[in-house]
Amino acid sequence: MDPILLAVQTLNGLQLGVLLFLVAAGLTLVFGIMDFINLAHGVQYMIGAYFAATFTAVTGSFLLGAALALPAAVLVGVALERVVFRHFYGRDHLDQVLATFGVIFFLTELVRVIWGPTPLSFPVPAWASHSVTLFGGATYPAYRLFIIGGGLAVAAGLYALVARTRFGMLVRAGASNPRMLQALGTDIKRLFLLVFALGAMLAGFAGLMAGPILSVEPSMGDNLLILAFVVIVIGGLGSIQGAFLGALLVGLVDTLGRSFLTDAVKLVLPASAAVDVGPALSSMLIYVLMAAVLIVSPTGLLPAKGATR
Amino acid sequence: MGTAGPMLEVSGLQASYGAGQVLFGVDLRVGEGEVVTLLGRNGMGKTTTVNAIMGLLAPKAGRVAFCGRELTGRPAHEAARAGLGLVPEGRQIFPNLTVRENLVATADGRGAWTLSRVFDLFPRLRERQDQMGGSLSGGEQQMLAIGRALMTNPRLLLLDEATEGLAPLIRKEIWQVLLSLKRAGQSILVIDKNLKALKRIADRHYVLEKGRIVWQGSGAELEAERERLERHLGV
Ligand SMILES: Nc1ncnc2c1ncn2[C@@H]1O[C@H](COP(=O)(O)OP(=O)(O)OP(=O)(O)O)[C@@H](O)[C@H]1O
Ligand SMILES: [Mg+2]
């Protein structure tokens, strides 16, 4: 195994992992606290990328574009909560799935109408368009390192928010017993809205970070959403630490599996068979991981302690 | 009772779960500084009454007023902010928060109750302040539930079976605390099955049967009619 390739692919896996974490964190908080399944969460990621691409083009600055895109993405999230989602709290999960699925169709179409069907161009900012030399002469794009660093910083901030602040206490209390929390004076609807806004902001942030290295198009959130659900199931519903661990695991296993599994299969199968089996196996790998985790620990790796659901 | 009328006034309260009606017109009052009990056998509607007062259950008919404020049909957080402090049946502490977090998360912060005052009242909680709520014993969880309600600086404490299923020594400690709260002027509406302990701290009693108040009176009156009431109390 080539150590330089391994290092580069590990970084790629980390980078996918932090993006997954940003999307999964909102998903798991909203599901853990409000018992609400939001399939449209991937759309919020997509919208973050569109806003950032547009505002960056208008202002000519990535940072300025990002600073404008973030509140805009939050605004869309809050509007969705007020208009659609809040009417589905406490309803059957199937109702929630159908309603949020409808939101996906509506917003995806709306984005197509506004921005057109072709992918938007969203260049990597000039200050991060170079490559950084790693050990052994390997090079790695600076912007991807920026994604890893930014994602880890946000993860640390989010952890501090949930673990150390009064807001975080209310969020955790709400995840275990929202009714009791309300009986002690917390306006639960307002707390839900704040958590929702936080989730929308994290998804929007992931979208604006990913925009320059991915193709900014209406369906960009769909795949990520499925991976994010795998992440929160692996990590444990409602758990931020679980989402972090799950996201890094899924990011690394998926990326490393895709680049090394075929070679590994060649050790046990003839090469002609390995080129068929390897790729098929590697795209299944995270689901195998999920099944394995669920067999060992049905509530995930780091379940939100004491949560009633 | 002051001239401003009772603190809590419940009249004609009716409530149901789906098709099954549980309360058929409950009337009760609690005045400033009073300790009042709500007695009755299992399933007579005591917890339902408390939940309807708190706004955790929307009443079908009737009125709940607290300190001159109309609370009927309002959400539970408004009842709490108006000054109702609930110690619920089954304790319902937050198991995934530490003891200290359980106390401060919903604290009001503008009244007399502070963390150290609650810890003085229940020294065991001070020792366990960094432990998860879910790791406490039943008695400690009950103390935590009481402390948590006090931290909201309630004008009226609602205690639903605060000594249920606890060891005698812990029960004694909790009754002692309730007595000291009463002496400090705390108004309390208490539900319990331990008549002997209740008689020491209560000013008045209500007896609930099948969703209606069938008797009310002072401790002395309760004692005088004890034999007749025994059937209602299930003691
Ligand atoms: N969530 C619920 N759904 C349906 N019925 C309920 C519910 N909660 C209580 N009941 C019914 O309402 C009636 C009154 O119950 P409630 O809990 O108010 O009684 P209680 O006086 O508090 O009894 P206990 O002393 O056992 O606590 C009972 O017949 C009970 O079965
Ligand atoms: Mg009860």
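Residues numbered from 1 in each chain as written. Chains lettered and ligands numbered in written order. Predicted model: local features only at pLDDT ≥ 70, side-chain atom pairs only at ≥ 80, totals over all residues. Heavy atoms only, no water.

**Examining the overall build of chain B**
Move 1: When its secondary structure is counted, chain B shows ten helices and ten strands.
Move 2: Its C-alpha radius of gyration of 17 Å places chain B within 12% of the 18 Å reference for a compact globule of 235 residues.
Move 3: Along the longest, intermediate and shortest principal axes, the C-alpha atoms of chain B span 45 × 40 × 35 Å.
Move 4: Counting all 235 residues of chain B, 55% fall into the buried class.
Move 5: Here chain B has roughly 9800 Å² of accessible surface; of this, 48% comes from carbon and sulfur atoms.
Move 6: Both charge centroids of chain B, one from 31 positive and one from 25 negative side chains, sit 1 Å from each other. (Helix = DSSP H or I, 4+ residues; strand = E, 2+ residues; numbered from the N terminus. Rg over C-alpha atoms; globule rule 2.2 N^0.38 Å. Buried < 20%, exposed > 50% of the residue type's maximum accessible area, 1.4 Å probe, protein only. Areas by Shrake-Rupley, 256 points an atom, 1.4 Å probe, with all protein chains shown as cover. Lys, Arg positive; Asp, Glu negative; His and termini not counted. Charge placed at Lys NZ, Arg CZ, Asp CG, Glu CD.)

**A word on the pairing of strand 8 (residues 187–191) of chain B**
Residues and elements named next belong to chain B.
Move 1: Among the five residues of strand 8, five are classified as buried, and the element is accordingly described as predominantly covered.
Move 2: Of the two faces of strand 8, the one holding Ser 187, Leu 189 and Ile 191 and the one holding Ile 188 and Val 190 are both buried throughout.
Move 3: Taken together, the three bridges between strand 3 (residues 35–39) and strand 8 define a ladder with parallel strand orientation. Considered in strand 8, the bridge of Val 35 is made with Ile 188.
Move 4: The pairing of strand 7 (residues 156–160) with strand 8 spans five bridges and is classified as parallel. Within strand 8, the residue paired with Leu 157 across the bridge is Ile 188.
Move 5: For the crossover that starts at strand 7, traverses helix 7 (residues 168–183) and ends in the parallel strand 8, the hand is right-handed. (Pairing = 2+ DSSP bridges. Right-handed = clockwise from strand over helix to strand, strands pointing away.)

**Details of the confidence of the model for chain B**
Move 1: Per-chain confidence: chain B averages 93 in pLDDT, with 97% of residues scoring 70 or above.
Move 2: With a pTM of 0.89, the predicted complex shows an ipTM of 0.94. (pLDDT = per-residue confidence, 0-100.)

**Description of the interface of chain B and chain A**
Move 1: Opposite the 23 residues of chain B that make contact, chain A presents 19 residues.
Move 2: Interface area, chain B with chain A, both sides summed: about 2000 Å², of which 57% is carbon and sulfur.
Move 3: The largest per-residue losses of area from chain B upon contact with chain A belong to His77(B), Phe94(B) and Asn96(B), which jointly make up 27% of the total buried on that side.
Move 4: Put simply, Arg172(A) and Glu101(B) hold a salt bridge, and the shortest N to O gap is 3.0 Å.
Move 5: The set of elements that each furnish at least two residues to the side of chain B that touches chain A consists of helix 1 (46–54), helix 2 (76–82) and helix 3 (99–105) of chain B.
Move 6: Here the element with the most residues in the side of chain B that touches chain A is helix 2 of chain B; it accounts for four residues.
Move 7: Class assignment of the residues belonging to the side of chain B that touches chain A gives a composition of 14 nonpolar, six polar and three charged. (Contact = heavy atoms within 4.5 Å. Buried area = accessible area lost by both parts, 1.4 Å probe. Salt bridge = Lys/Arg side-chain N within 4 Å of Asp/Glu carboxyl O. Nonpolar A, V, L, I, M, F, W, Y, C, P; charged D, E, K, R; others polar.)

**Describing the site of ligand 1**
Residue and element names in this part refer to chain B.
Move 1: The environment of ligand 1 is formed by 13 residues, the closest being Gly 43, Lys 46, Thr 47, Thr 48 and Glu 89.
Move 2: Taken by itself ligand 1 offers 640 Å² of open surface, and the protein chains cover 58% of this.
Move 3: Here the shell around ligand 1 gets three residues from one element, more than from any other, and that element is helix 1. (Near = heavy atom within 4 Å.)

**A few points about the pattern of salt bridges**
Note that side chains of opposite charge can pair when their charged atoms are close.
Residue and element names in this part refer to chain B.
Move 1: Throughout the structure, instances matching the rule amount to 23 salt bridges over all chains.
Move 2: The closest approach of N and O atoms between Glu 173 and Arg 124, which form a salt bridge, is 4.0 Å. Residue Glu 173 is found in helix 7, and its partner Arg 124 is found in helix 5 (residues 123–127); the two are separated by 49 residues along the sequence.
Move 3: A salt bridge links Lys 182 to Asp 203; its shortest N-O distance comes to 2.9 Å.

**Some details on the coordination of the magnesium ion (ligand 2)**
Coordination angles at a metal have ideal targets, namely 109.5 degrees for four tetrahedral donors and 90 or 180 degrees for six octahedral donors.
Residue and element names in this part refer to chain B.
Move 1: Protein coordination at the magnesium ion (ligand 2): the donors are Thr 47 (OG1) and Glu 89 (OE), at 1.9 to 2.2 Å from the metal. In this pair, Thr 47 sits in helix 1 while Glu 89 sits in the loop between strand 6 (84–87) and helix 3, placing the two residues 42 residues apart along the sequence.
Move 2: Owing to a relative accessible area of 38%, Glu 89 belongs among the partly exposed residues under this scheme. (Donors = N, O, S within 2.8 Å, 3.2 Å for Na, K, Ca; no water.)

**Let's talk about the packing of helix 6 (residues 166–176) of chain A against helix 8 (residues 188–210) of chain A**
All names here are of chain A.
Move 1: Direction vectors running N to C along helix 6 and helix 8 enclose 105 degrees, while the axes themselves pass 11 Å from each other. Taken together, the axis directions place helix 6 and helix 8 in an arrangement best described as roughly perpendicular. Contact residues: Phe 167, Leu 170 and Val 171 in helix 6; Leu 191, Leu 194, Val 195 and Leu 198 in helix 8.
Move 2: Looking at side-chain class alone, the contact of helix 6 with helix 8 contains seven nonpolar, no polar and no charged residues. (Axes fitted to C-alpha atoms, helices over the stretch in contact; angles between N-to-C directions. Parallel < 35°, antiparallel > 145°, perpendicular 65-115°, else oblique.)

**Describing a nonpolar patch on the surface**
Move 1: Among the surface-exposed residues, Leu267(A), Val268(A), Leu269(A), Val277(A), Leu281(A), Met284(A) and Val288(A) lie close enough to one another that they form a single nonpolar patch of about 640 Å² accessible area.
Move 2: A residue is classified by how much of its surface remains accessible, and Val277(A), at 33% relative accessible area, is partly exposed. (Patch = residues over 30% accessible without salt bridge, like charges linked within 9 Å, V, L, I, M, F, W, Y side chains within 5 Å.)

**Quick look at unusual backbone geometry**
Residues and elements named next belong to chain B.
Move 1: Of note, Asn 153 is a non-glycine position whose phi angle comes to about 50 degrees, a positive value.
Move 2: Within the fold, Asn 153 resides in the loop between helix 6 (138–150) and strand 7.
Move 3: In this structure Asn 153 comes out as buried when scored by relative accessible area, which is 16%.
Move 4: Residues other than glycine seldom take positive phi values, yet Lys 210 does so here, at roughly 45 degrees.
Move 5: Along the chain, Lys 210 turns up in the loop between strand 9 (204–209) and strand 10 (212–218).
Move 6: For Lys 210, a relative accessible area of 56% gives the class exposed.

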